[in-house]
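What the coordinates show
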Amino acid sequence: MAIAERPAEGVRVPTPTFHVPPGLAGWFSTVDHKRIGIIYMLGAFAFFIIGGIEALLMRTQLAVPNNTFLSPDVYNQLFTMHGTTMVFLAIMPMNVGIGNYIVPLMVGARDMAFPRLNALSVWLFLLGGLMLYSSFILGGAINTGWFAYAPLTERQFSPTIGVDFWILGIGLTGVASIAGALNFIVTVLNMRAPGMTLNRMPLFVWMNLIVSFILVFAFPTLTVASTQLLFDRHFGTRFFLPAQGGDPTLWQHLFWFFGHPEVYILILPAFGIVSEVLPTFSRKPIFGYAFVAYSGVAIGFLGFLVWAHHMFGVGMGPLANAFFAGASFLIAVPTGVKIFNWIATMYLGSLNLTTAMLYAIGLIGMFIIGGISGITLASPPIDLQQTDSYYVVAHMHYVLFGGSIFGLLAGTFYWFPKFTGRLLDERLGKIQFWLMLVAFNLTFFPMHIVGTDGMPRRIYTYEAGLGWDLWNMVETVGAWLLALSVLMMAYNVFKSLRAGEPAGNDPWDGSSLEWGVSSPPPVHNFDVIPVVHSRRPLWDTKYPELEMAHAPGTKALTRAEAVSRERERLKLQIEDAQDDPIHLPSPTYMPLLLALGLTVAAFGIAYLTAPGLLAVSLGLVGTGVVMVFIAIFRWIMMSHKDSPHIAH
Amino acid sequence: MRTQRRRLTRFLVFAALLATPLLLAACAGPEARQTTVIADGDHAQRILDLLVPIAWMALAVFVVVEGLLVYTVWRFRRRSNAIPAQIHGNTQIEILWTIAPALIVLVIAVLTFRTQAQTAEITRNPQNAVEVTAVGHQWWFEFVYPGIGQAEASLVTAGDMYIPVGRPVRITLQSVDVIHNFWVPRLAGKTYMIPGKTNYLAFTANEPGIYRAVCAEFCGEAHALMRFRVIAVPEAEFQSWVQQKSQPPAPPAAGTLAVNGLSGDPVAGQAIFLDARKQCISCHAVSGTDAKGIIGPNLTHYGSRRTIGAGILDYSPENLALWLERGYELKPGNLMSRVLTPQWVQTNLSAQEIADLVAYLDSMKVSVNLPPER
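Residues numbered from 1 in each chain as written. Chains lettered and ligands numbered in written order. Predicted model: local features only at pLDDT ≥ 70, side-chain atom pairs only at ≥ 80, totals over all residues. Heavy atoms only, no water.

This brings us to the overall build of chain A. Check the secondary structure of chain A and you find 18 helices and zero strands. Here the C-alpha radius of gyration of chain A, 25 Å, is about what a compact globule of 648 residues would show, namely 26 Å. With the C-alpha coordinates aligned to their principal axes, the bounding extent of chain A is approximately 75 × 60 × 50 Å. Counting every position in chain A, which comprises 648 residues, the buried fraction comes to 66%. Sequence separation of 24 or more characterises 81% of the internal contacts of chain A that already satisfy a separation of 6 or more. (Helix = DSSP H or I, 4+ residues; strand = E, 2+ residues; numbered from the N terminus. Rg over C-alpha atoms; globule rule 2.2 N^0.38 Å. Buried < 20%, exposed > 50% of the residue type's maximum accessible area, 1.4 Å probe, protein only. Contact = heavy atoms within 4.5 Å.)

Moving on to the sheet that holds strand S5 (residues 169–175) of chain B. Residues and elements named next belong to chain B. Read from one edge to the other, the open sheet built from five strands follows the order S3-S2-S1-S5-S8, with strand pairing classed as mixed. Every interior strand has two partners, whereas the edge strands, strand S3 (155–158) and strand S8 (199–203), have only one. Along the sheet, successive strands turn relative to each other by an average axial angle of 25 degrees, direction set aside. Here four bridges tie strand S2 (residues 140–145) to S3, and the two strands are oriented antiparallel to one another. By the bridge assignment, glutamate 142 is partnered in S3 with alanine 158. Here helix H4 (residues 235–246) sits on the sheet and contacts strand S1 (130–137), S2 and S3; the angle it forms with S3, its principal contact strand, is near 100 degrees. (Pairing = 2+ DSSP bridges. Axes fitted to C-alpha atoms, helices over the stretch in contact; angles between N-to-C directions.)

With that settled, consider the sheet that holds strand S6 (residues 180–184) of chain B. Residues and elements named next belong to chain B. Spatially, S4-S10-S9-S6-S7 is the arrangement adopted by the five strands of the open sheet, whose pairing is mixed. Both edges of this open sheet fall to strand S4 (160–164) and strand S7 (188–193), since each of them pairs with a single strand only. Across this sheet, the average inter-strand angle for adjacent strands is 25 degrees, counted without regard to direction. Across six bridges, strand S9 (residues 209–215) lies against strand S10 (residues 227–233) in antiparallel orientation. The residue bridging alanine 213 from the neighbouring strand is phenylalanine 228, located in S10. Along the sheet, H4 contacts S4 and S10; its crossing angle with S4, the most-contacted strand, is approximately 130 degrees.

All right, on to unusual backbone geometry then. Apart from glycine, the bulk of residues carry a negative phi angle, and the bulk of peptide bonds sit in the trans form. A cis amide bond links alanine 150 of chain A to the next residue, proline 151 of chain A, at an omega of 0 degrees. With respect to the helices and strands, the residue proline 151 of chain A is situated in the loop between helix H4 (115–134) and helix H5 (162–190). Look at the link from glutamine 138 of chain B to tryptophan 139 of chain B: it is a cis peptide, with omega at 0 degrees. Checked against the element boundaries, tryptophan 139 of chain B lands in the loop between S1 and S2. At leucine 348 of chain A, a position not held by glycine, the phi torsion is positive, near 70 degrees. Structurally, the position occupied by leucine 348 of chain A is in the loop between helix H9 (318–346) and helix H10 (355–378). Overall, the relative accessible area of 43% leaves leucine 348 of chain A in the partly exposed class. If you check the backbone angles, asparagine 128 of chain B has positive phi at about 55 degrees while not being a glycine.

What follows deals with a nonpolar patch on the surface. On the surface, a nonpolar cluster with roughly 460 Å² of combined accessible area is contributed by Ile95, Ile99, Leu103, Leu106 and Val110 of chain B. Mapping leucine 103 of chain B onto the fold places it in helix H3 (residues 91–124). (Patch = residues over 30% accessible without salt bridge, like charges linked within 9 Å, V, L, I, M, F, W, Y side chains within 5 Å. Areas by Shrake-Rupley, 256 points an atom, 1.4 Å probe, with all protein chains shown as cover. Salt bridge = Lys/Arg side-chain N within 4 Å of Asp/Glu carboxyl O.)

Quick look at the interface of chain A and chain B now. If you look at the interface, chain A gives 97 residues, while chain B gives 87 residues. Note on chain A versus chain B: buried area summed over both sides is about 7700 Å², and carbon and sulfur give 68% of it. Its largest share of buried area at the contact with chain B, chain A owes to Arg283, Phe340 and Gln385 of chain A, together 9% of the area lost on that side. Viewed at the interface, chain B and chain A are joined by two salt bridges. (Buried area = accessible area lost by both parts, 1.4 Å probe.)

For the rest of this paragraph, the subject is the packing of aromatic side chains. Residues and elements named next belong to chain A. Applying the stated criterion to the full structure yields 64 aromatic pairs over all chains. Seen in terms of ring centroids, tyrosine 414 and tryptophan 515 are 5.2 Å apart; in terms of plane orientation they differ by 70 degrees. Their pairing is edge-to-face. You can see tyrosine 414 sitting in helix H12 (residues 390–420) and its partner tryptophan 515 sitting in the loop between helix H14 (469–499) and helix H15 (537–542), a full 101 residues away along the chain. In this structure tyrosine 414 comes out as buried when scored by relative accessible area, which is 0%. Residue class for tryptophan 515 comes out buried when judged on its relative accessible area of 1%. An aromatic cluster of three or more residues is present, and its members are Tyr359, Tyr398, Phe401, Phe406, Phe413, Phe433, Trp434, Phe440, Phe444 and Phe445. Directly above the ring of tryptophan 27 sits arginine 35, whose terminal nitrogen or CZ lies 4.4 Å from the centroid. Sitting over the face of the ring of tyrosine 289, arginine 535 holds its NZ or CZ atom 3.7 Å from the ring centroid. (Phe/Tyr/Trp six-rings, centres within 6.5 Å; stacked < 30°, edge-to-face > 60°. Lys NZ or Arg CZ within 6 Å of the ring centre and 35° of its normal.)

Now for the pairing of S6 of chain B. All names here are of chain B. With five of its five residues buried, S6 lies for the most part within the structure. Burial of S6 is two-sided: the residues His180, Phe182 and Val184 facing one way and the residues Asn181 and Trp183 facing the other way are all buried. Where S6 and S7 come together, four bridges link them in antiparallel fashion. Note that in S7 the partner of histidine 180 across the bridge is methionine 193. With two bridges joining them, S6 and S9 adopt antiparallel strand pairing. Considered in S9, the bridge of phenylalanine 182 is made with cysteine 215.

Next up on the list: helix H18 (residues 614–638) of chain A. Taking 1.5 Å of rise per residue, 25 residues should cover 36 Å, and H18 of chain A covers 36 Å from first to last C-alpha, within 8% of that figure. In this fold, the buried residues of H18 of chain A make contact with H4 and helix H17 (590–606) of chain A. (Expected span 1.5 Å × (residues − 1).)

Taken as a whole and judged by the stated rule, the model has 22 salt bridges over all chains. Across the pair arginine 559 of chain A and aspartate 540 of chain A runs a salt bridge, and its minimum N-O distance is 2.7 Å. Residue arginine 559 of chain A is found in helix H16 (residues 559–579), and its partner aspartate 540 of chain A is found in helix H15; the two are separated by 19 residues along the sequence. Looking at arginine 559 of chain A, the relative accessible area reads 2%, which means it is buried. Two residues, glutamate 207 of chain B and arginine 374 of chain B, come together in a salt bridge whose shortest N-O distance is 3.7 Å. Residue glutamate 207 of chain B is found in the loop between S8 and S9, and its partner arginine 374 of chain B is found in the segment after helix H10 (351–363); the two are separated by 167 residues along the sequence. Overlapping salt bridges, with partners in common, bring together Arg283, Asp506, Asp509 and Lys542 of chain A in one network.

All right, on to the environment of proline 72 of chain A then. Among the secondary structure elements, proline 72 of chain A is positioned in helix H3 (residues 72–107). When the C-alpha positions of proline 72 of chain A and leucine 229 of chain A are compared, they lie 24 Å apart, and in sequence the two are 157 residues distant. Residue contacts for proline 72 of chain A: discarding those within four places in its chain leaves Tyr460 of chain A together with Glu221 and Pro332 of chain B.

This paragraph deals with the pairing of S5 of chain B. Sheet faces and side chains relate simply in a regular strand, where the side chains alternate between the two faces. Residues and elements named next belong to chain B. A large share of S5 lies buried, amounting to six of its seven residues. Judged from the seven bridges that link them, S1 and S5 form a sheet pairing that is parallel. Each residue of the ladder has a partner; that of valine 132, found in S5, is isoleucine 171. Bridge analysis of S5 against S8 gives five bridges, and the strand direction is antiparallel.

As a further point, take the side chain of serine 134 of chain A. Residues and elements named next belong to chain A. The residue serine 134 is located in helix H4 in this model. When its relative accessible area of 15% is taken as the criterion, serine 134 is described as buried. Sequence-distant contacts of serine 134, defined by excluding residues within four places in its chain, comprise Phe165 and Phe603.

This part takes up empty space enclosed by the protein. Residue and element names in this part refer to chain A. Scanning the entire structure with this criterion turns up nine cavities of 30 Å³ or more. Among the elements of the structure, H3, H5, helix H6 (203–234) and helix H7 (248–282) are those that each provide at least two residues to the lining of the largest cavity. Considering each element in turn, the lining of the largest cavity owes the most residues, six residues, to H5. A class-by-class count of the residues in the lining of the largest cavity yields 13 nonpolar, six polar and no charged. (1 Å grid on protein atoms, 1.4 Å probe; cavity = no way out; pocket = protein on both sides within 12 Å on 5 of 7 lines; lining within 4 Å. Points joined across faces, edges and corners; volume = space filled by probe spheres on them. Nonpolar A, V, L, I, M, F, W, Y, C, P; charged D, E, K, R; others polar.)

In structure tokens form, the structure reads like this:
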């Protein structure tokens, strides 16, 4: 295994001593970050397809004015579930899935810091998503918009179980997200290979670290707000009911205090992917590593100061509006810095236009448009004309589809060979990229136009003859083409899994640690924990004659020279690394049981005040609690059994 | 030299191609009657005056940055396997491109704050303004003109908001149920109507016209069908409208109105309307009669409405008959459709009774010279 460091006394091939159950059992009991990453990605892709079908149904309804293909209630359920699904069940878990697989490899760790907690997260995400979707057959899904504004979501106006299932389902995925974020933070801060300082971490790891911090601070606000709403709906509180002294705008503040940072939770991992893909295929280091890393930190901080730009029309007064407008304008600065740094990374490079690279470039191109349309929305007077119109739908999809999804596709084409050992079909991938780029713009660009011409969002039908008809038809055609390109992606994955070209360890001449291990990596990732001497550890061994970065006025060192200097300094740490036993926890079903228990209890809570169902509901809560306790007890009792698994 | 020029030309053409859709967005065709880029009121005009310079800046940024991106990708695509120079960064350049966007957004911020201050001042202290209270209901707009009308009550109407041209209107925005959003794109930016909170919006219509308006905040099942009209008329015409609206409509005179081949009798229609068993007066009011319902729209002078069902049908006796007969299909979720269910209509409202009701509602008119549809 080609790793930056290899111990002098020869290769040891340690094998974990525990038994991994074969087949599906191995997946349900897994605590391996790579398998968990794959479950995340498959689950997220399934929800992405479902959310996409919802979008297609809506676009079909809107193809022509006064259409009757969908009833208003069904349409309202679809647009609510589309937003909820794409945010919570598609993009977020896809980010987490790729991060789960790649981050430990990139930092030179054998697993995440808390493997069993990691398994709990993935099961809670899946079960929370399934609970949310079960509302479709149990009485109607939530139909109030994914932002769930009170008082429309109060029981008086939304008597069905949809809102309750949304609160509880999203609550479960919220627990998953917070646990996952803590896991990432501890992994990145504590488990980096010797020599990998924070300033040598790959930018993808940086962005995941930032996102994890954002998540830990933002998500609890949503949990608190939605719990208050749950209490309003079932237990007689009046947090958001104005007639009894509650305040509906409180919900908006709480929701967007989560909701705006959430946008950065969705986009920053994609920025991280691009910051890996562009240097690799330009054969150059990232231009201005520190600027790219710290602009991410700046975006993370500023992201918490702009939430009320979603509320300029609410009547907060000109002073408050001006503050949030100013903070929102400021975000353009670090974002602009990133874009310029990416272009400069390619400048004077040798660009290999693979599919991954095309998607990364596509992200830059589309995000520029999303960023520019964001500037007008950040200006309160202009926002009063554009908010709640299709202009926002355009803006938001340029950021989240042209940004996040393009980034995730870049990441998929980039790392698929590492996940599977096989390359995705590049020819098909490039055709798909161009089709998707055209279809994406056909679908979403005209939305700027109809929005500017006064078409409101979230309407299931519209009148003919207002200048919207042609553009809506174009958007619908675009949406179907977009669906075709997603289908091509699915086909490519399916085909390449069976018959893709073998990838080898390092198909792209990568510079980060994951390309130094086999594809897919062994269960323990690294036979020997690598030692890192620079931001591009793999290039130290592959291109020892290349110059290192050096401060102005100092003498340039080749990578080989720099490495030998570093080794002196790191001697002690290297020895530590060699002595590290391979410590992997054994497979267990307890995280799954715990997640199931919480889900059963959540179902019970949803029906607590349903007439005649109190006994059933209490039974469910009781069963769930018992399952949770059994799981926690056995989880704790098994921990000590891990220590013997030392192969060294 | 020649190849360089050709490269430049190609680049410019490509940049222009990318910019075209943006320019298209700025143009509103003759059909765009609900557009934000034609301003017929001062509020909308101030926003447009802010948008235009920002849009030009945005276009310039778009062309430059996308151009740079496309040029870089084209120019540096891989030609050989040699490893290019390893450039790690350049602090001066990076500081430069941190400051450049900061300066651009600074200019935008200053322009923004200026517009905000102007609008805030006008809203706080409009000169000689007409006061209107607009109330959002699921899914229709109610308009109250406090202090106008008969001594004991304000002037209450729904669906059509009459305002004078050239004089500020200050609208007090409220809601009785969920959050709604008051939007007349060609006159003013939108403002929320929030239960338990009062918002204000002030604007002046510059041109007479019938302006399209909608609820812009998702407010439940029939949100898409919650529309209204703002009818801006010259001051004298507005005073005449106020004068007429302040009087209860005259009792219906004997006569007939042809509705779908039946002949409706307004006098019989009023009797049906006021008959408690027919349910109309549970929710609706007509001033000067015993109908005092407050749940639904006030139907005084209904014959002069521009639309039926909060903007979903043009006003005509035939459409009104259709609304009474099959309202549950036209506007699902509507409160009235919970009473006027298919079975209820079947057993309680004959076609003749509907024709009579239509004749009655149509008989109550105010006479106003209507401005053109905008």
